[in-house]
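Commentary on secondary and tertiary structure
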Amino acid sequence: MTIETLSTTRSHGGTQGVYKHPSTTTGTDMTFAVFVPDHAAGTKLPVLWYLSGLTCTHANVMEKGEYRAACAEHGVIFVAPDTSPRGEDVPDDPGAAYDFGLGAGFYVDATEEPWAKNYRMRSYIEDELPSLILRNFAGADMTRQGITGHSMGGHGALTIGLRNQDRFRSVSAFSPIVAPLHCPWGEKALTGYLGDNREDWHAYDACALLDQGLRLPDLLVDQGESDNFLAEQLKTELLVEACERNGQKAEIRMQPGYDHSYFFISTFMAEHVAWHAERLKA
């Protein structure tokens, strides 16, 4: 459970670190980022997980997400893992497509070959990395966790939050893929990683999980109205309908003029951090 420190940088009254460790879950080295606000010795801070989208690593949100000032203000540790296993021996999409394989782990535990050995991002996020954070970051209060994410990472935040209601007090998302069973990105990824039995896909579809009776304590979603993926891939209206028919408390905000980029994410990031901080109070 040892980690290697790749870098640490002072920022906004805290420390931004990048770390690497050999993962027993994915069978590869995994890199992740953690921002820890300054705090008194012995003080415990809540933890907010951020799951990135297709093609991303930990670095995208670290460099463009603009979360550190808000996390320092509210006293929140921010954890940003990678989106897939990586390495020379890790299989990738034969056509080097951006929406499958490296950078596109979809936060599932793959069951199909050749993906099953390494592509186990569900277990990595739900089990291995939290244990690593607990053991290596003394200020992390793992009894107070929230989760958020963007696009594919928004899908991860919603589904992981729904499946782990005892762990996550707060769940939010930016431009999430809300119904992978009903969009091209999801159908490609879930077929490739899990096979053709669509019943096996339901554990990775937020709308399906809501229909199965799982609930979140609260939900905040921001979606840009000018997002070019909205109609075909993201289908926010399906989440609105699922929340309404299942009585799920949710604030789903359509933001005029905003697209799918980190310009959009960074605009609303501080609001999300504050929203989580309010729900993660001791």
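Residues numbered from 1 in each chain as written. Predicted model: local features only at pLDDT ≥ 70, side-chain atom pairs only at ≥ 80, totals over all residues. Heavy atoms only, no water.

**A short note on the overall build of the protein chain**
Secondary structure summary: the protein chain contains nine helices and nine strands in total. Radius of gyration (C-alpha) of the protein chain: 18 Å, near the 19 Å computed for a compact globule of 282 residues. The principal-axis extent of the C-alpha atoms belonging to the protein chain is close to 50 × 45 × 35 Å. Burial statistics for the protein chain: of 282 residues in total, 60% are counted as buried. A fraction of 72% describes how many contacts in the protein chain between residues 6 or more apart in sequence connect residues 24 or more apart. Within the structure as shown, the protein chain displays about 11,100 Å² of accessible surface, and the carbon and sulfur contribution to it stands at 48%. For the protein chain, the centre of its 23 positive side-chain charges and the centre of its 38 negative side-chain charges are spaced 7 Å apart. (Helix = DSSP H or I, 4+ residues; strand = E, 2+ residues; numbered from the N terminus. Rg over C-alpha atoms; globule rule 2.2 N^0.38 Å. Buried < 20%, exposed > 50% of the residue type's maximum accessible area, 1.4 Å probe, protein only. Contact = heavy atoms within 4.5 Å. Areas by Shrake-Rupley, 256 points an atom, 1.4 Å probe, with all protein chains shown as cover. Lys, Arg positive; Asp, Glu negative; His and termini not counted. Charge placed at Lys NZ, Arg CZ, Asp CG, Glu CD.)

**Re the sheet that holds strand β6 (residues 140-149)**
Here we have nine strands laid out as an open sheet, ordered β1-β2-β3-β5-β4-β6-β7-β8-β9, and mixed in their pairing. Every interior strand has two partners, whereas the edge strands, β1 (4-11) and β9 (251-255), have only one. Here the strands of the sheet are splayed against their neighbours by 20 degrees on average, with no regard to which way each runs. Looking at chain direction, strand β8 (residues 219-224) and β9 are connected through five bridges and run parallel. Paired with V221 across the bridge in β9 is I252. Where helix α9 (residues 262-279) meets the sheet, it contacts β4 (45-51), β5 (77-81), β6, β7 (168-174), β8 and β9, and its direction lies at approximately 165 degrees from that of β7. (Pairing = 2+ DSSP bridges. Axes fitted to C-alpha atoms, helices over the stretch in contact; angles between N-to-C directions.)

**Section: the nonpolar core**
The biggest cluster of nonpolar side chains holds 63 residues, and the ones touching the most others in it are F32, V34, W49, F106, I133, Y193 and L239. When residues in this core are grouped by element, the largest group, six residues, is from helix α3 (residues 121-136). If near-sequence neighbours (up to four positions away) are discounted, V34 is found in contact with T15, Q16, G17, Y19, I77, F78, V79, I133 and F137. Ranked by size, the runner-up nonpolar core spans 21 residues in total, among them Y50, C71, Y262 and F264. (Core = buried A, V, L, I, M, F, W, Y, C linked by side-chain atoms within 4.5 Å.)

**So, the packing of aromatic side chains**
Under the counting rule described, the total for this entry stands at 16 aromatic pairs. Look at Y258 and F268: their rings are 5.1 Å apart centre to centre, the planes differ by 70 degrees, and that puts the pair in the edge-to-face class. With Y258 in the loop between β9 and α9 and F268 in helix α9, this residue pair connects regions lying ten residues apart in the sequence. Pairwise contacts between aromatic rings join F35, Y50, Y67 and F78 into one cluster. Of note, R68 hangs over the ring of Y67, and the distance from its end group to the ring centre comes to 4.9 Å. (Phe/Tyr/Trp six-rings, centres within 6.5 Å; stacked < 30°, edge-to-face > 60°. Lys NZ or Arg CZ within 6 Å of the ring centre and 35° of its normal.)

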